[in-house]
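Survey of secondary and tertiary structure
Residues per chain, in single letters:
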Amino acid sequence: MKTGIRRHRVLVVDETKNQRELYRLILEDAGYEVTTTQDGDHALLLTRENHFDLILTDDKTNGTCGLMLAIELGKQSPSAFILTIITGSDKTLTHGSPAEIEAALNGARFGFLEKPVDRMVLLKVVENATWRLK
Amino acid sequence: MIDRVKLLSSFRGRLMLLLTSFLLLTIVLVLVLDRWAQKRATAELVRQNQQVKSAFNTSFGDFAQAVSLGLQSLSSDDYLYEVIGHVEMPSTLKDIIVADETGLVKDSTLRELIQQQIKVPPPPAGITETQSIDPVESEVEIEGGLIKTYDIPILTQKGLHWIVLVMQQDAIINQIDAAQVALAESNRQLSNYRLGGTTGLLLFALGIAVVIGWRFTKPIEELAGAAQRVASGDLDFRVGINRRDEVGQLATTFNEMIAGLKAKLELEERLNLSERAAAIGRLTQTIAHEIRNPLNVINLSVDQASAKYAPEDESRRKQFTRLLSSVKDEIARLRHMVNDVLNYGRPAHLAVESVDVRRLLEETIQLIRPQADEQNVEVTFEQDNESANVIGDAERLKSCLSNLTINALQAMPVGGRLSARVRRLDGQVEVTISDTGVGISPESVNKIFEPYFSTKKSGFGLGLAVTKKIVEEHHGSIDVQSQINQGTTFTLRFPVAGADS
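Residues numbered from 1 in each chain as written. Chains lettered and ligands numbered in written order. Predicted model: local features only at pLDDT ≥ 70, side-chain atom pairs only at ≥ 80, totals over all residues. Heavy atoms only, no water.

Here's the deal with the overall build of chain A
Put simply, the rule reads: Runs of H or I in DSSP of at least four residues are treated as helices and runs of E of at least two as strands, each being numbered from the N terminus. For the exposure calls, accessible area comes from a 1.4 Å probe over protein chains only, and a residue counts as buried if that area is under 20% of its type's maximum, exposed if over 50%, partly exposed in between. Should any heavy atoms of two residues lie within 4.5 Å, those residues are counted as being in contact. Using a 1.4 Å probe, accessible areas were evaluated by the Shrake-Rupley method; residue-level cover was limited to the displayed protein chains.
Scanning chain A for helices and strands turns up six helices and seven strands. Along chain A, helices and strands appear, N-terminal first, in the series β-α-β-α-β-β-β-α-β-α-α-β-α. Counting all 134 residues of chain A, 49% fall into the buried class. For chain A, the proportion of contacts with a sequence separation of at least 24, taken over those separated by at least 6, is 74%. Accessible surface computed for chain A: about 6,600 Å², of which carbon and sulfur atoms make up 55%.

Quick word on the overall build of chain B
Summing up its helical and strand segments, chain B has nine helices and twelve strands in all. Expressed as a percentage of the 501 residues in chain B, the buried residues total 35%. Of the contacts made within chain B by residues no fewer than 6 positions apart, 66% connect residues no fewer than 24 positions apart. Total accessible area computed for chain B in this model is approximately 30,100 Å², and 55% of it derives from carbon and sulfur atoms.

Details of the sheet that holds strand E2 (residues 33–37) of chain A
Residue and element names in this part refer to chain A. Basically, it comes down to this: The criterion for strand pairing is that DSSP finds at least two bridges linking the strands in question. For helices, the fitted line uses only the C-alpha atoms of the stretch in contact; every axis is such a line through C-alpha atoms, and the angle between N-to-C directions lies from 0 to 180 degrees.
As summarised here, the arrangement of the five strands in space is E2-E1-E3-E6-E7, forming an open sheet in which the pairing is parallel. Two strands in the sheet have a free side with no partner beyond their single neighbour: E2 and strand E7 (110–114). Ignoring which end each strand starts from, the neighbouring axes of this sheet average 20° apart. Pairing analysis gives five bridges linking strand E1 (residues 9–13) to E2, with the strands arranged parallel. By the bridge assignment for E2, Arg-9 is matched with Glu-33. In this fold helix H2 (residues 40–49) packs onto E1, E2 and strand E3 (54–58), with an angle of close to 160° to the strand it touches most, E1.

Section: the packing of aromatic side chains
Keep this limit in mind: Geometry of aromatic contacts follows a simple scheme: Phe, Tyr and Trp rings, the Trp one being its six-membered ring, pair when their centres are within 6.5 Å, and the pair is stacked under 30 degrees between planes, edge-to-face over 60, tilted otherwise. Only when the NZ atom of a Lys or the CZ atom of an Arg is both within 6 Å of the ring centre and within 35 degrees of the ring normal do we say a charge sits over the ring.
Applying the stated criterion across every chain, the model contains two aromatic pairs over all chains. For the ring pair Phe-449 of chain B and Phe-490 of chain B, a centre distance of 6.3 Å and an interplane angle of 75° mean the geometry is edge-to-face. Of the two residues, Phe-449 of chain B sits in the loop between helix H8 (442–445) and helix H9 (463–473) while Phe-490 of chain B sits in strand E12 (residues 487–495), which places them 41 residues apart along the sequence. Note on accessibility: Phe-449 of chain B and Phe-490 of chain B belong to one class, buried. Here the basic side chain of Arg-9 of chain A rests over the ring of Phe-52 of chain A, its NZ or CZ set 5.3 Å away from the ring centre. Over the ring of Phe-237 of chain B we find Arg-229 of chain B, and its NZ or CZ is 3.8 Å from the ring centre.

A short note on H2 of chain A
All names here are of chain A. Quick note on the threshold: For this quantity, the arc is that covered by the directions from the helix axis to the C-beta atoms.
Within H2, the full set of buried residues consists of Gly-40, Ala-43, Leu-44, Leu-46 and Thr-47. The buried residues of H2 occupy one face: seen down the axis, they fall within an arc of 160°. Along H2, exposed side chains directed more than 90 degrees from the buried face belong to Asp-41, Arg-48 and Glu-49.

Things to note about the interface of chain B and chain A
Worth spelling out the cut-off: What counts as buried area is the accessible surface, traced by a 1.4 Å probe, that two parts surrender upon association, with contributions from both included. We define a salt bridge as a side-chain nitrogen of Lys or Arg found within 4 Å of a carboxyl oxygen belonging to Asp or Glu. When residue character is reported, Ala, Val, Leu, Ile, Met, Phe, Trp, Tyr, Cys and Pro are called nonpolar, Asp, Glu, Lys and Arg charged, and the others, Gly included, polar.
Each partner contributes to the interface: chain B provides 22 residues, whereas chain A provides 21 residues. Taken together, both faces of the contact between chain B and chain A bury some 1,900 Å²; the carbon and sulfur share is 50%. Contact with chain A buries surface across chain B, with Arg-292, Leu-300 and Gln-304 of chain B losing the most and accounting together for 31% of the total. Here chain B and chain A share four salt bridges between them. Contributions of two or more residues to the side of chain B that touches chain A are made by helix H4 (246–308) and helix H5 (314–345) of chain B. With 13 residues, H4 of chain B is the single largest residue contributor to the side of chain B that touches chain A. Of the residues belonging to the side of chain B that touches chain A, the class tally is eight nonpolar, eight polar and six charged.

Topic: the packing of helix H7 (residues 394–410) of chain B against H9 of chain B
Residue and element names in this part refer to chain B. Filter applied, for reference: Crossing handedness is read from the near helix: turned anticlockwise from the far helix by less than a right angle, it gives a left-handed crossing, and turned clockwise, a right-handed one.
Contact pair H7 / H9: the axes reach a minimum separation of 9 Å and the direction vectors enclose 140°. Judged by the sense of rotation from one axis to the other, the crossing of H7 with H9 is left-handed. Two secondary-structure elements touch here, H7 through Arg-396, Leu-397, Ser-399, Cys-400, Asn-403, Leu-404 and Asn-407 and H9 through Gly-463, Leu-464, Thr-467, Ile-470, Val-471 and Glu-473.

Some remarks on the pattern of salt bridges
Pairs can form between side chains of opposite charge whenever their charged atoms are close. All names here are of chain B. Across all of its chains, the model carries 27 salt bridges over all chains by this definition. The closest approach of N and O atoms between Glu-330 and Arg-333, which form a salt bridge, is 3.4 Å. Of this pair, Glu-330 and Arg-333 are both found in helix H5, three residues apart, which corresponds to roughly one turn of the helix. Overall, Glu-330 belongs to the partly exposed group, its relative accessible area being 43%. A residue is classified by how much of its surface remains accessible, and Arg-333, at 42% relative accessible area, is partly exposed. One salt-bridge network, in which partners are shared between bridges, spans Arg-421, Arg-423, Glu-430, Asp-479 and Arg-493.

Overview of the nonpolar core
As a rule of thumb, nonpolar side chains are buried together in soluble globular proteins. For clarity, the threshold we go by: To define a nonpolar core, start from buried Ala, Val, Leu, Ile, Met, Phe, Trp, Tyr and Cys residues and group those joined through side-chain atoms within 4.5 Å.
Among the nonpolar cores identified, the biggest contains 44 residues, and Leu-361, Leu-418, Val-429, Val-431, Ile-433, Phe-490 and Leu-492 of chain B are the most heavily contacted of them. The biggest single contributor to this core is H7 of chain B, with seven residues. In this view, Leu-361 of chain B contacts Phe-381, Leu-401, Ala-420, Arg-421, Val-422, Val-431 and Ile-433 of chain B; residues no more than four positions away in its chain are not counted. Within the second largest apolar cluster, 21 residues are counted, among which are Ile-85, Leu-113, Leu-123 and Ala-129 of chain A.

As structure tokens, then:
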């Protein structure tokens, strides 16, 4: 892609292979540098060693609450935008303490998308989030 | 609460009354019989006295006659047994014996006694020829038996003689006996009367007791039958016993029991039903939730394919695009259904603000207008110029309105008219959405707000259930009026914003 500009780095955390690879396909196609992992702990490890502009997580990863993972990732990568793709049940959102969820929801670096996600919407959200971080 | 049984109409009371009156009647009867018997006994006593008196009178007369016969025997040579054929023997005397001082029989009405020795009392003192003394009671042995006698001493020139009067033993006693027999007879008669009277009363009381008992126990059979019906599970009847006694009370209690059992059974059925509905709800929610993951993959894949892998060839690309857009349509439908299911079970998180319902309805109508035009449906929107603000969640209210308008369109596949109206009425905001479509059958119209009920061939049947839930979360109400092939009208009413402040 455009060589002069640094390619934005995206970390995709999703335990289902199809979804993970699809995100990679779409985002790489749109010019992002994509790293994928299926494991929340591995994701935390990756963020410790690498810089990511955007972390895309499913709201359920390896049995742990995706939202908690999103909060953890947000703490470790203060400059990254955390985009959580939620399956849309309130149950997912009621994990964790209310204060933590409140903090997560109010943080400007967090975003939510409800499944099923449209490609155009996904790209728009990712573009907006990373553009601000340019 | 059951009224207490009045004493006089109760079985106990009646039985008590019966027994008391029977007792009183018996006492009265016995008293009356006693008085009557007393009167009779007095009369009888008087009569017997008379009889005894007359008996004694008779015997005294006889006595004098016998003495004169004895004297006659002393002064004549004729033997008494010879004379007695011509002279009548007094009725109370059996025989007359004349004996001297030593007891040697000189004369007698019994021939065999003459010149025999009999027992006589010792000579009495102070007896003179002119002065007679009282007879002496003695006995004489005649025909092997001792017979009571009255010995009268007579002093003649031939010395002291005894005129022994042998009494006709039974004469007086017979008369007294007759009186006693009459008395006994009257006593027997009296006790017969008493027995008869009390037996009659007892039988009468028994008869009444049997009637009361029968009348009392007859409905118990009906109750027993009813209890059997209840035991076999029949609760759709009432015991038709209308009485004021204990059985009536029992019947009333029984009916209350049946009603209570029925209510409990219905409650249990309703609970079972709602439990089942909740279980189905949980299951559908889980399924809906799980559908979103594959749906997400399909959706993104289709998007990616149509964006990146469209064929170069014009006509092929058209076909490709049409195929993928129909897939997108189906995904949208699935998404809608899944949202319905998840929204129905989702607790209310209302984003509370003041919402202009007129604006919401206008927006909703704008959204469905293209579809309406396609189906040749005329859409009208009516509103009075009063504000129609409602406190609530705009997104959820809008989903209500769009549910109703989409339903209306689906009811008119070959054209018609959709009328939407907002107005203020009695301090409420009233929204009506009417169509001229197929209508809803009367048996279905009560069920359309129930979850998982649908008249359509597709969908979960949650649209109107969600709509109703949202309306109720906004303290509003929803009503429906429908006629088959005439159309359907939904009426929503919400409290006006600021009405309570």
